[in-house]
Amino acid sequence: MKKITILLLIAAMLMGMLVACVQLPGNQNQETTQNNLNDSTVEEDYWVSPDLNPDALSFSLEGEEVVILAYNRYDISPEENSTDPLEDAVYRRDDKLQTELGVKFNNIYQPDFEAIASGVKNDVAAGTGEYHLVYQHMIDAACNLAQNDCLYDLSEVEHVNFDQIWWDQDCKNGFTIGEHMMMACGDLLPSSMLITASVLFNKNLFDLQGIEYPYEDARQGTWTMDDMLEMTKDQTRDLNGDGKVLYTDDFYGITAWSLDADFNFFYGAGATMFTYDDQHLPSYDPDTDRLQQIYEKVYKLLITQNSFHVIYADYAKDPNMYSHTISVFRDGRALFFPTYLSVTSSLRDMVDDYGILPQPKYDEKQTDYLGFVNGSASLVVVPSSLSDRNLELAGFMMEALASSSYYMTTDTLYEVVAKSKNARDPESAEMVDIIIRHKVFDFGYSHFSGQDLPCHNVVQTALQSNKTSIVRDLTTSARQTRIKLGKILDAYGYDD
């Protein structure tokens, strides 16, 4: 993994702009430079995967148009240089690719994911092959396009190496059925990195209460839900003495939005309801004892300890309730805020300093921190209407975009998140690296949306109903879940 220290981020970015052009392997005038990113690591200053070779293509890239249909504006280049650091980094990435490879990007921004789905379906039905790459809403990609024979199997696309660090490794678990992987995620999609689960904490409040920052625990792999339970115990209190605890005036151990925190804690603790056989075919086989144990800790954090926990029913009555979860933290009236990395952009006028942490583990036996990725994240897919020639082009450009993003844009994302006005410590940058390199994608969550089945949203619905147990929901829904799973397997070409 590329090691980054926050004190050298700006220097590294400037160095990357000043070095001589680095040609892709296959060009006789290839040049490389040595760039010392930190005191202990010297790494070759690539700007794109050294394994990519344009000469290996069956055609010349010169003059090729690459059409990308995108659901999130952060994932494609703006038409000109932007004052937004991340947009500018993506612009420079695409400009470099166009200059060095001779291609031309035709980026189409469409924020309506349903319109994207319709466009892809119409394209596939007509066989026109209009789009090389599509960056689509996760849930629609998994539940709609992939299950309606609209996508190519990415595992068979040439020139893409999903074992590389610029591809999220858990995609192969969450989005592979048998031998088929229809969707992927990685550094080419900055928006999906920004929607990865994280926990913010108010450093000023920690100092006032004499609580040690959890950074060292996070480094050592010992930052757990039990730690968070202990830190938030008896924190929620009535500040103005009116006998009520309300978000307008009072203090909370945790402020949280149910569509974020519920899932972040649950899946961050390793929850899953599906197992795989030796052919990587999923089956609904929930370990109800383990899932209940995880749920009980989530329940304690959000319900028992009187967190400001905004559920969807509250939001339906008053859409401002989501923004109140942010304002409680921004105003210095909550110790913790489990959310996503992108929320730091809403804290620019916060007076107190805050730090960034990964989701806590269930316990110290859990191997890795797990950063849950929300269903509104973008995934890259390839429409099944492409010709063989354009499919080869799509695969080459997927790898080029992902790898050049790793080298040219991800550092900027670190800086945007970890060097915001109130999070200037190098530890936060280190935590962001842990978060985005340990993203988790759950098969049940992504493939069963809209089915009203617990395997998709049991933690949210149970907390909303103030249930202390999820075992009954998981067991009584088994038959319906397996019926739906059979339909998904059939859509992928497997018998139930």
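Computed from a predicted model, the values in this text were never measured in an experiment.

Conventions adopted
Residues numbered from 1 in each chain as written. Predicted model: local features only at pLDDT ≥ 70, side-chain atom pairs only at ≥ 80, totals over all residues. Heavy atoms only, no water. Core = buried A, V, L, I, M, F, W, Y, C linked by side-chain atoms within 4.5 Å. Buried < 20%, exposed > 50% of the residue type's maximum accessible area, 1.4 Å probe, protein only. Helix = DSSP H or I, 4+ residues; strand = E, 2+ residues; numbered from the N terminus. Contact = heavy atoms within 4.5 Å. Pairing = 2+ DSSP bridges. Axes fitted to C-alpha atoms, helices over the stretch in contact; angles between N-to-C directions. Parallel < 35°, antiparallel > 145°, perpendicular 65-115°, else oblique. Left-handed = near helix turned anticlockwise from the far one by under 90°. Nonpolar A, V, L, I, M, F, W, Y, C, P; charged D, E, K, R; others polar. Salt bridge = Lys/Arg side-chain N within 4 Å of Asp/Glu carboxyl O.

Draft legend 1. Spotlight on the nonpolar core. Core analysis: the biggest nonpolar cluster contains 130 residues, and Tyr135, Trp167, Met183, Phe266, Met273 and Phe336 have the highest contact counts within it. Top contributing element to this core by residue count: helix α14 (residues 388-408), with 12 residues. Leaving out residues up to four positions away in the same chain, Met183 has contacts with Ala141, Ala142, Ala146, Leu154, Phe175, Leu379, Val380, Val381, His447 and Tyr492. Counting residues in hydrophobic clusters, the runner-up holds 28 residues, among them Leu200, Val343, Tyr354 and Ile436.

Draft legend 2. The arrangement of the pairing of strand β5 (residues 133-137) in detail. Buried residues dominate β5, accounting for 5 of its 5 residues. As paired elements, strand β3 (residues 65-70) and β5 share 3 bridges and run parallel to each other. In the strand pairing of β5, Leu69 is matched with Val134. Of the strand pairs in this sheet, β5 and strand β16 (residues 378-381) are connected by 4 bridges, and their pairing is antiparallel. Looking at the pairing, Tyr135 lines up with Val380 of β16.

Draft legend 3. Inspection of the sheet that holds strand β13 (residues 334-340) at higher detail. Taken together, the 5 strands give an open sheet; going across it, the order is β12-β9-β13-β8-β14, and neighbouring strands pair in mixed fashion. One side of each edge strand has no neighbouring strand; the edge strands of this open sheet are β12 (308-310) and β14 (354-357). Within the sheet, the average angular offset between the axes of one strand and its neighbour, ignoring direction, is 20 degrees. Pairing geometry for strand β9 (residues 252-257) and β12, over 3 bridges, is parallel. Paired with Ala256 across the two strands is His309, which belongs to β12. Relative to the sheet, helix α9 (residues 225-232) contacts β8 (197-202), β9 and β13, its axis offset from that of β13 by approximately 145 degrees.

Draft legend 4. Focus on the packing of helix α10 (residues 258-268) against helix α11 (residues 288-304). For the pair α10 and α11, the least separation of the axes is 9 Å and the interaxial angle reads 140 degrees. By the angle between their axes, α10 is oblique relative to α11. Our pair here, α10 against α11, has a crossing hand that is right-handed. Here Ala261, Asp262, Phe265 and Phe266 of α10 come into contact with α11, specifically with Leu291, Ile294, Tyr295, Val298, Leu301 and Leu302. Looking at the contact of α10 with α11, its residues break down into 9 nonpolar, no polar and 1 charged.

Draft legend 5. Summary view of the packing of α10 against helix α18 (residues 454-464). The N-to-C vectors of α10 and α18 enclose an angle of 115 degrees; their axes lie 9 Å apart at closest approach. With respect to the hand of their crossing, α10 and α18 are arranged in right-handed fashion. Contacts between α10 and α18 pair Ser258, Leu259, Asp262, Phe263, Phe266 and Tyr267 from the former with Cys455, His456, Asn457, Val458, Val459, Gln460 and Leu463 from the latter. Tallied by class, the residues present in the contact of α10 with α18 amount to 8 nonpolar, 4 polar and 1 charged.

Draft legend 6. Focus on the pattern of salt bridges. Scanning the entire structure with this criterion turns up 14 salt bridges. Across the pair Glu64 and Arg389 runs a salt bridge whose closest N-O atoms are separated by 2.4 Å. Taken together, the residues span a long stretch of sequence, with Glu64 in the loop between β2 (41-44) and β3 and Arg389 in helix α14 at a distance of 325 residues. Taking relative accessible area as the criterion, Arg389 reaches 37% and is therefore assigned partly exposed. For Asp331, the salt bridge is made with Arg333, and the minimal N-O distance between the two is 3.7 Å. Connected through shared salt-bridge partners, Glu216, Arg219 and Glu430 make up one network.

Shape is all these values report; function is a separate question.
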